[in-house]
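Summary of structural features
Chain residues, written in single-letter form:
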Amino acid sequence: MSIQVDHVTKRFGAFTVLNDVNLHVREGELVALLGPSGCGKTTLLRILAGLERPDQGRIFLQGAEVTDQRISERRVGFVFQHYALFRHMTVADNVAFGLNVLPRAHRPSATRIQEKVHDLLGLVHLQAMADRYPSQLSGGQRQRVALARALAVEPKLLLLDEPFGALDAKVRKELRRWLRRLHDDLHITSILVTHDQEEALEAAHRVVVMHRGNIEQVGTPDEVYENPATPFVYQFLGDVNVFHGRMSQGRIVDGEDRIPSSAVGESSDEQEVTFVRPHDLELSPSRTMPAQLEATVQFVNAAGARVHLELESKESPEPIAVELTKERYRELKIQQGDVVFVHPKQLHVFKMPGLGQ
Amino acid sequence: MNLSLKQPSVLPGFGLTLGFTLFYFSLIVLIPLSGLFVKTSSLSWEQFWNIVTTPRAIASYQLTFGASLVGAFINGIFGSIIAWVLVRYHFPGRSVVDALVDLPFALPTAVAGITLTSIYASNGWIGRYLEPLGIKVAFTPLGVLVALTFIGLPFVVRTVQPVLQDLDREVEEAATTLGANRWQTFWAVIVPELWPALLTGIAMAFARAVGEYGSVIFIAGNMPLKSEITPLLIMTKLEQYDYAGATSLGVVMLVTSFVVALMINLLQWWSSARHMNQ
Amino acid sequence: MNPVTIATNTDLQWKDSLTTESSLVRWVLIGTAFLYLTLFLFVPLVAIFTEALKHGLSSYVDSFLNDDALAAIRLTLLVAAVAVPLNALFGVAAAWAIAKFEFVGKQALITLIDMPLAVSPVISGLIYVLLFGAQSWLGPWLAEHDIKIIFALPGIVLATIFVTVPFVARELIPLMQSQGREEEEAAITLGASGWQTFTRVTLPNIKWSLLYGVILCNARAMGEFGAVSVVSGHIRGLTNTMPLHVEILYNEYNAVAAFGVASLLTLLAIVTLSAKALIERKTVSLNRQNIHV
């Protein structure tokens, strides 16, 4: 089912949660709504489900307007953040609920419901837990029950509100890969709300980055990570070094130091801010270009697949984070206390009017 | 849409349930209660004032409010001890005692009245030991106090108990590691936490006692000017078909009850606000 | 199995001693509590049954197996049978509206519902006398149509309903507020109707509190004295409820019979308290299950 969100605005009292939001989701896509808490992502999800009503704007599912349609008519599966499992029902009864409440004319037979529940529990690998109560399950298991329950009514659209938010890091990782595989099998148009950028980038086909009720950028994980449209997206997706500086004659002027900047085209005298990801910084033991930044290695963490360094430079008030491959690190033979010279392989400059330093 | 008095929700039944709630409550409670004020308004202020300030009425206020207040404070002290013992210590029969604390609440007041009277009468189980000491309980104002203390007992225990239960042991441990002894910890750490709940409990016991009728009339002796409580005076006036008198005294009691109820609400608001800040 | 985390019994005792009192203080406090409870609870409780059984079992049984007592019991059951279901329905409706929706004036409504508890029982009766009594402006009309409310069953029922209005609502409102509306929303997203959501999701979650509220409401309805006393007219065998019957017997110096009927009401109170303890244990263990969620 395709989704069209058309100029949707939602306010709670004086607070604007969604500000004229537009979004299109294609049939069969898995889209993540990503942003910090309070950015409006959950409200947008609840509006799509029919749990909230927009103050302005319209919602289309499969080309038909559903803005005023009741939730029961939308055929939407919703997975709640805290699962909202029925605590007095067994796992099997929870999954069967949506089928049991169908009007008698449409309700499958008891045996058919049983089969279906069995199949769904198989899908989420919980057949053995059918007779347990929610309180007897782990968080990850509960999450999968909630998903099976939502899928039982054969929704055309699956909405997941921070589905892995309450789980620990390891289970979260497993579950989101599993969700991705499940989606590849079922092809239900799915929208996932999350504040965890790693989760969004790993699980979704496309990522919608939201901030203060606005959509900042929509794109594939690769697009939003490599080509952030706004400073917010840059900072929200992964670690970043921020240099408050001014662009002048093709160079970033930051204090008295200069970083050469081939990526920046024209010059201007506006207040600007330069963003560089830690892995886009290159180090050399000696000055190879005139405008490299001189810095001292303060801290080295070589545990893990990549080596993380923290540099201190007169030119930057903040420590500079650098990420190197193991090979490059061995080549450079850097140790704590060494003086190194830094230049960016890639950077982004955003004009930030009114942001005085 | 934004001006509506209710936030939208997907759950149904709001109109039905709220409508029924308001209809039923108005019919049973609000309209009859307002009748009391309507009836009083047919009196002039002077008539009203004369009725509610007769010596007999004033004596009944003194007894009703005085005994209720003293009883509430007695319960404040012993109720706190009982709550403390029930929460902090383990001893045989604890769960039975815990359940029995609500007895004054569950026991019909008439039953409480005749029982307390027979126990505290001069030949009763307890009265016979008090008589030689020159203490007469039944058929005196002291009997009123006994009855009002009895019916107020659950309130302090049941308001202090949950707060004591939720009290974080770590805070006490912290006080101990900082060098406080048990007594200092009690006064500096525990009492400030209990204070709002204790006051609420005392106020609730007081409010209950002020209106109490059944348990008091048997033990009080009901001598005008001496051991007659205000609710009984209202009853007497009703039996004499003195509706204006009964209504006026009823208004005095009702207004007092509402003031006390308002104070209880403020106390509860205060204590919950304190907990929010933590 | 990490041996470090296993605390021995002595460890626990030692740890406890940091935050508890000396055994002397402890026993003084327990002793004080017991003395107080003995004077005000245990002695009265024992006294009721002792007085009732003073002249043996047969006169005890006679005290409530006579026409007047049986009529009082019947009337009491009838009044409760009308008042309790109505107040239970009110409690459920009020709790649903208050706990599941946001609306203006909600807090005021919650406060208002508790109001009858703050009203003296005598006044609870008085207001109905003022409304429906012979002297009221409805009085002549009621007399003309031969409708008796005061000094008759309807008055007793009305006064009892007034006194017991809040009991079920008070139990349900905080519980349903703490349970939130996510489960109900989930049921709606799964296609359940409003009624299905209520009976299949909400009701199972509140059934123990509902039961407790009903038991409490019933205990108060059967035991109410002051309010009923005002509106009943004390007609023996006709408008006498059990508590009023107790009063009459006691005032006639028939103590054994008075305590005999009183003992039945006491048993009702004890059943109520036991039910409360049982239900509390049940809900605590349910909550514990949900806490480890």
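Use the structure listed above.
So, here's what we can say about the structure. (Residues numbered from 1 in each chain as written. Chains lettered and ligands numbered in written order. Predicted model: local features only at pLDDT ≥ 70, side-chain atom pairs only at ≥ 80, totals over all residues. Heavy atoms only, no water.)

Side note on the overall build of chain B
Of regular secondary structure, chain B possesses 13 helices and zero strands. Listing every helix and strand of chain B by position from the N terminus yields α-α-α-α-α-α-α-α-α-α-α-α-α. With respect to the three principal axes, the spread of C-alpha positions in chain B is 75 × 65 × 35 Å. The long-range fraction of contacts in chain B, counting pairs at least 24 apart against all pairs at least 6 apart in sequence, stands at 74%. Here chain B displays about 12,700 Å² of accessible surface, and carbon together with sulfur accounts for 68% of that area. (Helix = DSSP H or I, 4+ residues; strand = E, 2+ residues; numbered from the N terminus. Contact = heavy atoms within 4.5 Å. Areas by Shrake-Rupley, 256 points an atom, 1.4 Å probe, with all protein chains shown as cover.)

Topic: the pairing of strand β2 (residues 15–25) of chain A
Residues and elements named next belong to chain A. Taken together, the seven bridges between strand β1 (residues 3–12) and β2 define a ladder with antiparallel strand orientation. For Phe-12, the partnering residue across the bridge sits in β2 and is Phe-15. Two successive antiparallel strands, β1 and β2, enclose a turn made up of two residues, where Gly-13 displays a positive phi of approximately 65 degrees. (Pairing = 2+ DSSP bridges.)

Describing the sheet that holds strand β5 (residues 64–65) of chain A
All names here are of chain A. Read from one edge to the other, the open sheet built from four strands follows the order β2-β1-β4-β5, with strand pairing classed as antiparallel. Both outer strands of the open sheet, β2 and β5, are each paired with one neighbouring strand and no more. The sheet contacts of helix α1 (residues 41–49) involve β1, β2 and β4 (56–61), and relative to β1 the element is tilted by about 120 degrees. (Axes fitted to C-alpha atoms, helices over the stretch in contact; angles between N-to-C directions.)

Section: a nonpolar patch on the surface
On the surface, Trp-195, Leu-262, Leu-266, Trp-269 and Trp-270 of chain B cluster together to form a nonpolar patch covering roughly 600 Å² of accessible area. Looking at which element gives the most residues to the nonpolar patch, the answer is helix α13 (residues 243–277) of chain B, with four residues. (Patch = residues over 30% accessible without salt bridge, like charges linked within 9 Å, V, L, I, M, F, W, Y side chains within 5 Å. Salt bridge = Lys/Arg side-chain N within 4 Å of Asp/Glu carboxyl O.)

Brief notes about the interface of chain A and chain C
Where interface size is quoted, it is often the accessible area lost as the parts come together. Facing the 23 residues of chain A at the interface are 20 residues of chain C. Where chain A abuts chain C, roughly 2,100 Å² becomes buried across the two surfaces, and 57% of that area is made up of carbon and sulfur atoms. Summed over the shared surface of chain A and chain C, the result is two salt bridges. In this structure, the connection of chain A to chain C is made through five residue pairs in polar contact (both at pLDDT 80 or more). (Buried area = accessible area lost by both parts, 1.4 Å probe. Polar contact = N/O pair within 3.5 Å; in protein donor to acceptor, adjacent residues only side chain to side chain.)

Here's the deal with the interface of chain C and chain B
On the chain B side, the residues contacting the 88 residues of chain C number 86 residues. Surface buried jointly by chain C and chain B totals about 7,900 Å² across both partners, of which 81% is contributed by carbon and sulfur atoms. Where Asp-102 of chain B meets Lys-276 of chain C, a salt bridge forms, and the shortest distance between an N and an O atom there is 2.5 Å. Inspection of the chain C/chain B interface yields 10 residue pairs in polar contact (both at pLDDT 80 or more).

As for the pattern of salt bridges
If charged atoms from side chains of opposite charge come close, those side chains can pair. Residues and elements named next belong to chain C. All chains considered together, the criterion is met by 35 salt bridges over all chains. With its nearest N and O atoms 3.4 Å apart, the salt bridge here joins Lys-54 to Glu-51. A salt bridge links Glu-102 to Arg-181, with the nearest nitrogen and oxygen atoms 2.9 Å apart. Here Arg-181 lies in the loop between α10 (166–179) and α11 (182–189) and Glu-102 lies in the loop between α4 (67–100) and α5 (106–113), a separation of 79 residues in the sequence.

Remarks on the sheet that holds strand β6 (residues 76–79) of chain A
Sheet strands pair via backbone hydrogen bonds, and the direction of the pair is either parallel or antiparallel. All names here are of chain A. With mixed pairing, the six strands of this open sheet are ordered in space as β6-β7-β8-β3-β9-β10. Each of the sheet's edge strands pairs with one partner strand only, and the pair in question is β6 and β10 (214–219). Taken pair by pair, the neighbouring strands of this sheet meet at an average axis angle of 15 degrees, ignoring direction. Bridge count for strand β7 (residues 157–161) against strand β8 (residues 189–194) is five bridges, and the pairing is parallel. Among the inter-strand pairings, Leu-159 is bridged to a residue of β8, identified as Ile-191.

A look at the side chain of Gln-179 of chain C
Tracing the sequence through the fold places Gln-179 of chain C in helix α10. A relative accessible area of 18% places Gln-179 of chain C in the buried class. The contact partners of Gln-179 of chain C, leaving out residues within four places of it in the chain, are Arg-87 of chain A together with Asn-205 and Ile-206 of chain C. (Buried < 20%, exposed > 50% of the residue type's maximum accessible area, 1.4 Å probe, protein only.)

Comments concerning the environment of Arg-94 of chain B
Residues and elements named next belong to chain B. You can see Arg-94 is positioned in helix α4 (residues 94–100). On the accessibility criterion, Arg-94 (26% relative accessible area) is partly exposed. Dropping the residues within four chain positions of it, Arg-94 is found in contact with Leu-86, Val-87 and Tyr-89. Polar contacts involving the side chain of Arg-94 include one to the main-chain carbonyl oxygen of Leu-86, which spans 2.4 Å.

Observations regarding the environment of Phe-167 of chain C
Following the sequence through the fold, Phe-167 of chain C ends up in helix α10. The class of Phe-167 of chain C is buried, set by a relative accessible area of 3%. For the pair Phe-167 of chain C and Asn-87 of chain C, spaced 80 residues apart in the sequence, the C-alpha separation amounts to 7.9 Å. Non-local contacts of Phe-167 of chain C, meaning those with residues more than four positions away in its chain, are made with Phe-105 of chain B together with Leu-117, Gly-213, Leu-216, Cys-217 and Arg-220 of chain C.

Quick look at the packing of helix α3 (residues 55–88) of chain B against helix α12 (residues 230–239) of chain B
If you want to describe how two helices pack, look at the angle between their axes and the distance between the axes. One way to put it is that α3 of chain B packs onto α12 of chain B with a least axis distance of 8 Å and a crossing angle of 145 degrees. Of α12 of chain B, the residues touching α3 of chain B (which contributes Arg-56, Ala-57, Ser-60, Tyr-61 and Thr-64 of chain B) are Thr-230, Pro-231, Leu-233 and Thr-236 of chain B.

Topic: the packing of aromatic side chains
Tallied over the entire structure, the rule returns 33 aromatic pairs over all chains. Ring geometry for Tyr-213 of chain B against Phe-225 of chain C: centres 5.8 Å apart, planes inclined by 20 degrees, an arrangement best described as stacked. Of this pair, Tyr-213 of chain B sits in the loop between α10 (182–211) and α11 (214–220) while Phe-225 of chain C sits in the loop between α12 (194–223) and α13 (226–232), placing the two residues on different chains. Of the two residues examined, Tyr-213 of chain B and Phe-225 of chain C, each falls in the buried class. Each ring, one from Phe-34 of chain C and one from Phe-42 of chain C, has its centre 6.3 Å from the other, and the planes form 45 degrees; the classification is tilted. Given the relative accessible area of 28%, Phe-34 of chain C is considered partly exposed. Put simply, the rings of Tyr-213 and Phe-218 of chain B together with Phe-225, Tyr-250 and Phe-259 of chain C pair up and form one aromatic cluster. Positioned above the aromatic ring of Phe-86 of chain A is the side chain of Arg-149 of chain A, whose terminal nitrogen or guanidinium carbon lies 4.6 Å from the ring centre. Over the face of the ring belonging to Tyr-225 of chain A we find Arg-277 of chain A, whose NZ or CZ atom lies 4.3 Å from the ring centre. (Phe/Tyr/Trp six-rings, centres within 6.5 Å; stacked < 30°, edge-to-face > 60°. Lys NZ or Arg CZ within 6 Å of the ring centre and 35° of its normal.)

Here's the deal with α5 of chain C
Along α5 of chain C, the residues that are buried comprise Lys-106, Leu-109, Ile-110 and Ile-113 of chain C. For α5 of chain C, the arc enclosing every buried residue in end-on projection is 100 degrees, short of the 170-degree limit, so these residues lie on one face. Residues of α5 of chain C that are buried sit in contact with α1 (14–40) of chain B together with α4, α6 (115–118) and α10 of chain C. (Arc of directions from axis to C-beta.)

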